[in-house]
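Breakdown of the fold
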Amino acid sequence: MHILDQQVSALLRRVGQEIILPHFRNLGVGDVLEKSPGELVTVADRLSETALTEGLLQILPEATVVGEEACEDQPELPNALKDRLCWIIDPIDGTTNFSQGKIPFGILVALCDANETLAGWLYDPMTSRLCHAVKGSGAWIDQTRVTTAEMPEPSRPVAAISKVFMNQKQRNAMSAKAGTHYEIVDIPRCAAEQYPRIVLGHNHVSIFERTLPWDHAAGILFLNEAGGIAARWDGTAYCPADTGTGLLAASTPKLWEDAARRLG
């Protein structure tokens, strides 16, 4: 585990229990706003990000904090990911679910340096499940080391495909290709849930169009360190400062290669 894991994990649990859960199914008038078409923010998102920012800077004062909500006001902030030590924060991943009183939702935090993800945390306040990964050292759920497993034959792979940010042509093409080869299931609209589903074998393949760093840096590292693969469609690695779109994730290298060939 990362040398800072104990401190970061304690911070995530505290923010989840003291800030996020008291607001769940308890949002008042004016507590949910649309910051852009289809993009919601709640008072809990903002309070969570403030607490996480303060806590992470106490843990590692020399780092720059790149938070999802801060980037709304400072659109140049993600540039720091290219060449600095940074914390990346998604204060509530799955805000739409949260705002509607639904699960899942979670907190995502990643530690990056010069466009490379070094460690990641994915925390579910409802279940207290904490996923953690360290580059080159493995992945854990709570205190248990985890690795992905080969899919039993002759099972049909389960695919969760996010089409939210695809155009209609992309959606039609993806539906036509995927339906032939995969059992399609609904996405959780929460990356903090989707990546653990792949690691645990509940889903075998997942596709994302938009790949913002606060949504994906922690989860990609978690999946890759557990033995799966999340990468761009051409096989190149995901880097937090990337501005491109399109990401394919799978629980094993073989499933990734099959999906890239069939769906790419």
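What this report covers is the structure whose coordinates are included nearby. (Residues numbered from 1 in each chain as written. Predicted model: local features only at pLDDT ≥ 70, side-chain atom pairs only at ≥ 80, totals over all residues. Heavy atoms only, no water.)

Some points on the packing of aromatic side chains
Stated precisely, the cut-off is as follows: Between the rings of Phe, Tyr and Trp (Trp by its six-membered ring), a pair exists once the centres lie within 6.5 Å; its type follows the angle of the planes, with under 30 degrees stacked, over 60 edge-to-face, and the other angles tilted. In DSSP terms, a helix is any run of H or I states spanning at least four residues, a strand is any run of E spanning at least two, and both are numbered starting from the N terminus. Note on exposure labels: buried denotes an accessible area under 20% of the residue type's maximum, exposed denotes more than 50%, and partly exposed covers the range between, all computed with a 1.4 Å probe on protein chains only. A ring has a charge above it when a Lys NZ or an Arg CZ is no more than 6 Å from the ring centre and no more than 35 degrees off the ring normal.
Summed over the entire model, instances satisfying the criterion amount to five aromatic pairs. Arranged with centres 6.2 Å apart and planes meeting at 50°, the rings of Trp87 and Trp121 form a pair that is tilted. Of this pair, Trp87 sits in strand β4 (residues 85–93) while Trp121 is found in strand β6 (residues 116–124), placing the two residues 34 residues apart along the sequence. Exposure class is identical for Trp87 and Trp121. Each is buried. Three or more aromatic residues joined by ring pairs make a cluster, and in this case those are Phe24, Phe98 and Phe105. Arg145 extends its terminal NZ or CZ atom over the ring of Trp140, reaching a point 5.3 Å from the ring centre.

A short note on the nonpolar core
We count it as follows: Each nonpolar core is a collection of buried residues, namely Ala, Val, Leu, Ile, Met, Phe, Trp, Tyr and Cys, held together in the definition by side-chain atoms within 4.5 Å. Contacts: residue pairs with any heavy atoms within 4.5 Å of one another.
Residues Val66, Ile88, Leu122, Tyr195, Phe222 and Leu223 are the most contacted members of the largest nonpolar core, which totals 36 residues. Of all the elements in the fold, those that place two or more residues in this core are β4, β5 (106–113), β7 (129–134), β8 (138–141), α6 (191–200), α7 (213–225) and β14 (247–250). The element contributing the most residues to this core is α7, with seven residues. Not counting chain neighbours up to four residues away, the residues in contact with Phe222 comprise Leu122, Cys131, His132, Ala133, Ala139, Trp140, Ile141, Val146, Tyr195, Pro196 and Val199.

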